[in-house]
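Chain and residue survey
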Amino acid sequence: MELSTDPITLDPLSHFLRNGVLVSVLRLDKIHPVISGNKWFKLKHYLAEAISKNKERLVTFGGAYSNHIIATAAIASMHGLKSTGVIRGDRPECLSLTLESAMSYGMELHFISRVNYARKKLPDTFGGKGDLIIPEGGYGEKGALGASSMQELVTDEFTHYCCAIGTGTMMAGLINSCKKGEKVVGLSVLKNEHSLQSAVSDLLKPNGVTQWQIIDEYHFGGYAKYTQELILFMNELYRQSGIPTDRVYTAKLFYGINDLIGRNYFPAGSRLLIIHSGGLQGNNSLKKGTLIF
Ligand SMILES: *Cc1c(COP(=O)(O)O)cnc(C)c1O
């Protein structure tokens, strides 16, 4: 049932080194081409629940480019479960590559209006005995608990853990798994998302010891928005380190951390671990030739 974590590596990122700061990267992007990055970790306890309670179908939510939707579709198909994706917005004439690929894993798509999506209003045909409903992005205690187990892959000592934030589930899991004195820095990829602070807090263990901070200066205009500067950065990062990033989450994370190092945000002597949370399939919707990887 477990996906093997063997392909995941902890790589030094030497060209980020300056101002006395050392940087390594946890390459969760290597775990699986489709169930990528943090998604396996966030989903594994939901999957275990579905299996132990003899559920037949996973039902979850997401947008047209959602890594969570495609990961859920692939996991369901690997375990003989049906899956349904409740997708935000009207059905477009032409489906995104992400949704096409989710369908190729047998996922049934159900489009609902943005208003009903925001209200989390599910059609009556969902939520029967055979369904396990997974919140958007795997948000919830189970998701955070799964994300905490990423810590088992960390074989070195670090002062700061740096991650991208969508729903905040991964960040909460990291905070819960850190030791006293370690800090977690999350970079939001959403613009003006003021609920993130409480979304993360709500998933934290009581009496936690870890300091954490959300930074929202590196969203590049908002979710899935990007600029030419970001694309140039992605290509340059790949040229120098061989690390591919996705334009929605990890490119903004690497860009932001590099910028923060330059601005002396991290004290000299800091040892950073950047969590490469995957998401590379999202680059498929870019025009061919935009990226060099
Ligand atoms: C889903 C996703 C995230 C966000 O994780 P949350 O737990 O929702 O904050 C970050 N990076 C990548 C690549 C993702 O696919």
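Residues numbered from 1 in each chain as written. Predicted model: local features only at pLDDT ≥ 70, side-chain atom pairs only at ≥ 80, totals over all residues. Heavy atoms only, no water.

Under the criterion given, the structure shown has twelve salt bridges. Between aspartate 29 and arginine 27 there is a salt bridge, with the nearest N and O atoms lying 2.9 Å from each other. Classification of arginine 27 as buried rests on a relative accessible area of 7%. Taking the shortest distance from any N to any O, the salt bridge between glutamate 236 and arginine 239 comes out at 2.7 Å. Of the two residues, glutamate 236 and arginine 239 are both situated in helix H8 (residues 228–241); the distance of three residues between them amounts to about one turn of the helix. (Salt bridge = Lys/Arg side-chain N within 4 Å of Asp/Glu carboxyl O. Buried < 20%, exposed > 50% of the residue type's maximum accessible area, 1.4 Å probe, protein only. Helix = DSSP H or I, 4+ residues; strand = E, 2+ residues; numbered from the N terminus.)

Mapped onto the secondary structure, histidine 160 falls in strand E7 (residues 160–165). A relative accessible area of 6% means that histidine 160 is categorised as buried.

A separate point is the nonpolar core. Counting 42 residues, the largest nonpolar core has Trp40, Tyr161, Met171, Leu174 and Ile275 as the members making the most contacts within it. Of all the secondary-structure elements, those providing two or more residues to this core are helix H1 (38–52), helix H2 (67–78), strand E6 (131–134), E7, helix H6 (169–177), helix H7 (196–201) and strand E10 (271–276). With six residues, the top contributor of residues to this core is H1. Those residues in contact with methionine 171 that sit more than four places away from it in its chain are Cys163, Ile165, Val184, Val185, Gly186, Val200, Trp212, Gln213 and Ile214. (Core = buried A, V, L, I, M, F, W, Y, C linked by side-chain atoms within 4.5 Å. Contact = heavy atoms within 4.5 Å.)

What follows deals with the site of the ligand. In the vicinity of the ligand there are 14 residues, among which Lys39, Asn67, Gly166, Thr167 and Ser277 approach most closely. Within the side chain of lysine 42, a nitrogen or oxygen atom sits 2.8 Å from an oxygen atom of the ligand. Within the complex, 97% of the 380 Å² of free accessible area of the ligand lies under protein. The biggest single contributor to the shell around the ligand is H1, with three residues. Looking at side-chain class alone, the shell around the ligand contains three nonpolar, nine polar and two charged residues. (Near = heavy atom within 4 Å. Polar contact = N/O pair within 3.5 Å; in protein donor to acceptor, adjacent residues only side chain to side chain. Areas by Shrake-Rupley, 256 points an atom, 1.4 Å probe, with all protein chains shown as cover. Nonpolar A, V, L, I, M, F, W, Y, C, P; charged D, E, K, R; others polar.)

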